[in-house]
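Below, each chain spelled out in residue letters.
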Amino acid sequence: MTVSQDNSSSSHADMANAIRFLSADAVQAAKSGHPGMPMGMADVATVLFSKFLKFDASSPNWADRDRFVLSAGHGSMLLYSLLYLTGYQDMTLDEIKNFRQLGAKTAGHPEFGHASGIETTTGPLGQGITTAVGMALAERMQNSRFGDDVVDHYTYAIVGDGCLMEGISHEAISFAGNLKLSKLIVLFDDNNICIDGPVGMTVGDDQPARFRASGWDVQEVDGHDPAAVAAAIEIAKATDTPSMIACKTVIGRGSPNKEGTSSTHGAPLGDEEIDLARENMGWPHGPFVVPDTVLADWRRVGSRGASEHADWQARLGQMSSGDRADFERGLAGDLPDGWMDAVNAHKKSCSDEQPKWATRQASGKALEVLTSAIPEMVGGSADLTGSVNTKTTATLPVTADDFSGRYIHYGVREHGMSAIMNGMALHGGFIPYAGTFLVFADYMKGGIRLSALMGQRVVYVLTHDSIGLGEDGPTHQAVETLATLRATPNFNVFRPCDPVETAECWALALENSDTPSGMVLTRQGVPTVRTEHTDENLSAKGGYVLAEADGGDRRVTLFATGSEVEIALAARDILQGDGVPTAVVSMPCWELFDRQDEGYRKKILGAGTVRVAVEAAVRMGWDKYIRNHGGFVGMDSFGASAPAGQLYEHFGITAANVVKEARVRL
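Residues numbered from 1 in each chain as written. Predicted model: local features only at pLDDT ≥ 70, side-chain atom pairs only at ≥ 80, totals over all residues. Heavy atoms only, no water.

## Here we look at the overall build of the chain
Logical step 1: Each helix and strand counted, the chain has 26 helices and 18 strands in total.
Logical step 2: Computed over C-alpha atoms, the radius of gyration of the chain comes to 28 Å, within 12% of the 26 Å expected from 2.2 N^0.38 for 666 residues, which places it in the range of a compact globule.
Logical step 3: In terms of overall dimensions, the chain has a C-alpha envelope of 90 × 55 × 45 Å along the principal axes.
Logical step 4: A total accessible area of about 23,600 Å² is found for the chain, and carbon and sulfur atoms account for 48% of it. (Helix = DSSP H or I, 4+ residues; strand = E, 2+ residues; numbered from the N terminus. Rg over C-alpha atoms; globule rule 2.2 N^0.38 Å. Areas by Shrake-Rupley, 256 points an atom, 1.4 Å probe, with all protein chains shown as cover.)

See the structure below:
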């Protein structure tokens with residue numbers, strides 16, 4: 001593919017200066033921000049957008065557009081300036097002027113969903129480049145399904161020194177190199193400056209050598225030489241590996257007293273210095289002023305892709321009706337007809353056969369059904385496939401030679417795995433899920449948080465969820481992790497108690513298209529307690545009465561999740577035998593329960609009854625259901641290494657202790 005024809009009448013310098021000074025002016029008006037990076041990378045961005053990037057500003061969500069990720073998200077004004085200049089409808093000059101102000105689309109860091117053209121939320125350094133890897137992987141996988149006529153685009157990312165210092169970047173670089181993601185091009189803003197000062201005070205890595213060692217094509221250019229940048233991108237597009245172009249730049253380019261120093265990194269330049277920079281760069285225009293000729297040329301850049309978009313629409317129209325329907329349904333995130341029938345048949349089978357599976361095993365059985373019914377589901381694990389049960393007969397491995405598979409071997413890269421899944425979800429066409437042990441959710445927390453913040457349907461399979469994993473000991477036994485995940489807004493934590501609830505929770509995770517989920521699953525076997533089939537998804541309300549009180553009005557309500565539901569049921573039997581009417585409430589998803597109306601919640605919680613919760617985790621969060629004087633049986637310390645049964649006895653998570661907590665409150 002050749003360089004796009006440049007029909008602009010403005011010089012490259014003028015077009016780049018429009019970015020520079022919109023950025024500097026916006027940061028100055030906000031009295032906070034990062035002007036140095038946009039000023040330093042304005043030349044590279046001008047080349048990329050005006051000559052290479054395939055996009056149509058009038059149709060920002062065109063499926064076959066190139067993706068552009070600003071991994072160095074602190075330089076957000078670079079992206080906002082480009083969106084305004086190229087004519088994205090919702091990025092107005094007023095938005096630029098209101099940079100970092102309440103309600104503006106121009107947040108301090110790019111926020112997905114705030115404005116068209118922001119492909120992902122960036123700011124936590126390293127997340128952007130890794131999300132871009134996920135986008136590039138999704139492009140190759142979608143291309144293998146639908147062909148070059150409708151899927152043939154690149155993913156570009158601008159990264160900074162900070163992105164490459166973060167450990168997640170190594171996971172991303174290694175992963176992308178191993179899969180030979182040739183349509184991924186990373187532009188490294190090699191300015192040798194971080195907030196504290198010269199990069200050399202903290203890191204001495206040979207970054208180009210680092211990428212080469214992972215199988216990338218690498219070039220090094222002067223980032224202020226537009227011809228050199230263009231030639232490098234042209235070469236990068238022709239390689240059969242991912243590409244990194246190290247662009248040597250001067251941070252704060254044009255600022256006569258501050259360029260090349262950390263003082264331009266994270267603070268406004270000051271009005272006087274901006275005036276000097278205007279004079280220095282030959283930009284005799286006031287704050288936020290872009291000459292009509294320069295703006296017109298940028299708008300032509302924004303409309304340049306319209307004809308290619310129209311050609312693509314014509315090719316889309318030539319697809320078979322079935323392929324087009326699958327393509328468009330996948331992009332829309334809609335689930336295929338009949339998938340819930342398959343789930344209900346599976347639920348009935350579980351209720352009839354009543355297996356005693358670990359819920360991680362029950363999850364694997366549910367995934368066999370779901371991945372056969374929903375072709376967009378793409379699984380994976382962090383080198384724990386046999387333990388987390390995420391691979392099914394329908395999900396063959398994705399390899400560098402064959403992207404038609406649906407199972408990704410992420411390796412021991414939990415942090416990278418989370419961000420790669422975010423990139424796949426953002427790209428569209430896939431529903432990613434992948435597994436590791438619950439305790440290692442801490443490694444993924446940055447990616448999990450962004451899944452929630454961006455409202456992406458990503459499913460985290462989190463097994464070995466408690467002291468019930470046994471001999472691996474306290475390093476692997478999560479006790480505080482559930483509370484951490486439950487504290488995350490817009491994140492559904494599912495902890496099902498048996499195979500039926502597990503299938504229901506999977507269905508809910510897939511139905512919630514704008515909420516990520518954590519499937520928290522046991523290592524040890526649990527009995528099937530839902531032995532009477534219903535097509536109704538009882539887990540959909542987050543909590544429900546699994547066993548109502550017998551022999552009179554309810555006096556005790558026992559609450560539990562996951563493997564401890566079995567313990568609560570055993571405690572109920574004891575209390576009922578003593579003539580104490582007792583109900584058991586299964587609470588597979590607090591977040592869904594909290595969304596129910598007050599009447600339902602009061603009915604389930606059992607107003608006026610003694611309340612006791614049991615969960616093999618810390619108490620944090622339970623008091624909103626059991627009240628401060630309610631009973632709790634669980635963990636208040638880290639675990640230990642021993643067989644699971646011994647650990648439950650050792651830490652007192654037993655039916656006898658649940659009964660004791662209830663009796664002292666009667």
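## Focus on helix 17 (residues 414–427)
Logical step 1: Across its 14 residues, helix 17 extends 20 Å between first and last C-alpha, which sits within 8% of the 20 Å expected from 1.5 Å per residue.
Logical step 2: Looking one or two residues beyond helix 17, the residue adopting positive phi is Gly 428, at roughly 100°. (Expected span 1.5 Å × (residues − 1).)

## Overview of the sheet that holds strand 7 (residues 243–248)
Logical step 1: If you trace the five strands from one edge of the open sheet to the other, you get 1-2-3-7-6, paired in parallel fashion. This sheet does not close on itself; its edge strands, each paired only once, are strand 1 (67–70) and strand 6 (217–222). Recorded for the sheet is a direction-independent mean angle of 15° between the axes of neighbouring strands.
Logical step 2: Where strand 1 lies against strand 2 (residues 155–159), four bridges are found, and the strand directions are parallel. Bridge pairing in strand 2 links Arg 67 to Thr 155. (Pairing = 2+ DSSP bridges. Axes fitted to C-alpha atoms, helices over the stretch in contact; angles between N-to-C directions.)

## Re the layout of surface pockets
Logical step 1: If you add up the space inside the largest pocket, you get close to 670 Å³.
Logical step 2: Taken together, 39 residues form the lining of the largest pocket, with Phe 112, Ala 425, Leu 426, His 427 and Gly 428 sitting closest to its centre.
Logical step 3: Put simply, the parts of the chain that give the lining of the largest pocket at least two residues each are strand 1, helix 3 (76–86), helix 13 (321–332), helix 17 and strand 10 (431–437).
Logical step 4: Counted by class, the lining of the largest pocket contains 19 nonpolar, twelve polar and eight charged residues.
Logical step 5: Approximately 220 Å³ is the volume attributed to the second largest pocket. (1 Å grid on protein atoms, 1.4 Å probe; cavity = no way out; pocket = protein on both sides within 12 Å on 5 of 7 lines; lining within 4 Å. Points joined across faces, edges and corners; volume = space filled by probe spheres on them. Nonpolar A, V, L, I, M, F, W, Y, C, P; charged D, E, K, R; others polar.)

## Quick word on the side chain of Thr 522
Logical step 1: Secondary-structure assignment places Thr 522 in the loop between strand 13 (517–520) and strand 14 (544–547).
Logical step 2: Among the residues examined, Thr 522 registers a relative accessible area of 1% and is labelled buried.
Logical step 3: Of note is the side chain of Thr 522, whose polar atom sits 2.8 Å from the backbone oxygen of Gln 524. (Buried < 20%, exposed > 50% of the residue type's maximum accessible area, 1.4 Å probe, protein only. Polar contact = N/O pair within 3.5 Å; in protein donor to acceptor, adjacent residues only side chain to side chain.)

## Regarding unusual backbone geometry
Logical step 1: Phi angles above zero are rare outside glycine, and Lys 180 is one such case at about 55°.
Logical step 2: Mapped onto the fold, Lys 180 is located in the loop between helix 7 (167–179) and strand 3 (184–190).
Logical step 3: For Lys 180, a relative accessible area of 43% translates into the label partly exposed.
Logical step 4: In this model, Asn 192 sits at a positive phi of 65°, which is unusual for a non-glycine residue.

## With respect to the sheet that holds strand 9 (residues 407–409)
Logical step 1: The sheet built from six strands is open, its strands ordered 9-8-10-11-13-12 with parallel pairing. Every interior strand has two partners, whereas the edge strands, strand 9 and strand 12 (492–494), have only one. Neighbour to neighbour, the strand axes of the sheet diverge by 20° on average, direction disregarded.
Logical step 2: With three bridges joining them, strand 8 (residues 377–381) and strand 9 adopt parallel strand pairing. Residue pairing for strand 9: Gly 379 is matched across the bridge by Tyr 407.

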